[in-house]
Amino acid sequence: NKNNKKWWLRHFEVDIDEKITNFLNTQISEGNEEVPSKYLNLKKCKISFASLIIENKIGELNDAKLFNYLPLSINLNLPFLINADFIPDGEREGLINNEWNQFLLETSGFEFVQFIKVTLNNEKINDEFKFSIFNLIPSFNINAEKLKNNEKWFNYFNSFKFGFENALIGEKPI
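Structural notes, computed from the coordinates. (Residues numbered from 1 in each chain as written. Predicted model: local features only at pLDDT ≥ 70, side-chain atom pairs only at ≥ 80, totals over all residues. Heavy atoms only, no water.)

## A few points about helix 4 (residues 140-147)
Note that an α-helix has 3.6 residues per turn; residues three or four places apart therefore point the same way.
Next, step 1: Among the residues making up helix 4, those that are buried are Phe140, Asn143, Ala144 and Leu147. Down the axis of helix 4, the buried side of the element spans an arc of 100 degrees, and every buried residue falls inside it. Exposed residues pointing more than 90 degrees away from the buried face of helix 4 are listed as Asn141 and Lys146.
Next, step 2: The secondary structure elements touched by the buried residues of helix 4 are helix 5 (151-169). (Buried < 20%, exposed > 50% of the residue type's maximum accessible area, 1.4 Å probe, protein only. Helix = DSSP H or I, 4+ residues; strand = E, 2+ residues; numbered from the N terminus. Arc of directions from axis to C-beta. Contact = heavy atoms within 4.5 Å.)

## Quick notes on a nonpolar patch on the surface
Next, step 1: A cluster of nonpolar side chains, contributed by Phe131, Phe134 and Ile137, occupies part of the molecular surface with about 270 Å² of accessible area.
Next, step 2: The residue Phe131 is located in helix 3 (residues 127-131) in this model. (Patch = residues over 30% accessible without salt bridge, like charges linked within 9 Å, V, L, I, M, F, W, Y side chains within 5 Å. Areas by Shrake-Rupley, 256 points an atom, 1.4 Å probe, with all protein chains shown as cover. Salt bridge = Lys/Arg side-chain N within 4 Å of Asp/Glu carboxyl O.)

## Some details on the pattern of salt bridges
Next, step 1: What the rule picks out here adds up to six salt bridges.
Next, step 2: The shortest N-O distance in the salt bridge between Lys161 and Glu165 comes to 3.8 Å. Taken together, the residues span about one helical turn, with Lys161 and Glu165 both in helix 5 at a distance of four residues.
Next, step 3: Given a relative accessible area of 22%, Lys161 falls into the partly exposed group.

## Details of the packing of helix 4 against helix 5
Next, step 1: Following both chains from N to C, one finds helix 4 and helix 5 inclined at 160 degrees, their axes separated by 9 Å at the closest point. Classified by the interaxial angle, the pair formed by helix 4 and helix 5 is roughly antiparallel. Seen from above, helix 4 lies across helix 5 with left-handed handedness. Across the interface between the two elements, Phe140, Asn143, Ala144 and Leu147 from helix 4 touch Trp153, Phe154, Phe157, Phe160, Lys161 and Phe164 from helix 5.
Next, step 2: Residues that form the contact of helix 4 with helix 5 fall into these classes: eight nonpolar, one polar and one charged. (Axes fitted to C-alpha atoms, helices over the stretch in contact; angles between N-to-C directions. Parallel < 35°, antiparallel > 145°, perpendicular 65-115°, else oblique. Left-handed = near helix turned anticlockwise from the far one by under 90°. Nonpolar A, V, L, I, M, F, W, Y, C, P; charged D, E, K, R; others polar.)

## Here we look at helix 5
Next, step 1: Along its 19 residues, helix 5 runs 27 Å from first to last C-alpha, staying within 8% of the 27 Å computed at 1.5 Å per residue.
Next, step 2: When helix 5 is considered as a whole, its buried residues turn out to be Trp153, Tyr156, Phe157, Ser159, Phe160, Gly163, Phe164, Asn166 and Ala167.
Next, step 3: At its buried positions, helix 5 is contacted by strand 6 (81-83), helix 2 (99-120) and helix 4.
Next, step 4: Gly170, located one to two residues past helix 5, shows a positive phi value of around 85 degrees. (Expected span 1.5 Å × (residues − 1).)

## Concerning the nonpolar core
Next, step 1: In terms of nonpolar packing, the biggest core is built from 49 residues, with Leu66, Leu76, Ile82, Phe86, Trp100 and Phe112 touching the most fellow members.
Next, step 2: A per-element tally of this core places helix 2 first, with nine residues.
Next, step 3: Those residues in contact with Leu76, other than ones at most four positions away along the chain, are Ala64, Leu66, Asn143, Leu147, Trp153, Tyr156 and Phe157.
Next, step 4: Core analysis: the next-biggest nonpolar cluster, separate from the first, contains five residues, Leu52, Leu61, Ala64 and Leu81 among them. (Core = buried A, V, L, I, M, F, W, Y, C linked by side-chain atoms within 4.5 Å.)

Any link to function would need more than the numbers given here.
See the structure below:
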């Protein structure tokens, strides 16, 4: 309830594929300072989604950023916030280009579908509120068009989209 605003917020604990854990371990053992040592032997991580509750419905955010506990300067034109253990660049303008961030972006897309399902299956909320979750599904073609001039953000968005699409067809990313 920050700044007198109410948020629809859900956290998802995600198992990390052994290939990704091995990547992180190798980066740490080779002294890559971009990868925090706390990621050594990492088996699980958390991905969170949040959106405002506006007039008893789930509302869209206009300037939603990716978060690594603090906001990053990355706006994928998604109508909700994503918080995960991304590894940002030094200025927090982008993400380090590596398998870990790729995994988190794809998994965020996958888990976003779970966020929708959890909301729709919540028996404690009314139907009008439940069905307002559909307002958060991005207009993928419109977003891609808006992001096409920023190659990094465009690629981040496409990774999210890839995970989302895999969730719909029943395939787990990576």
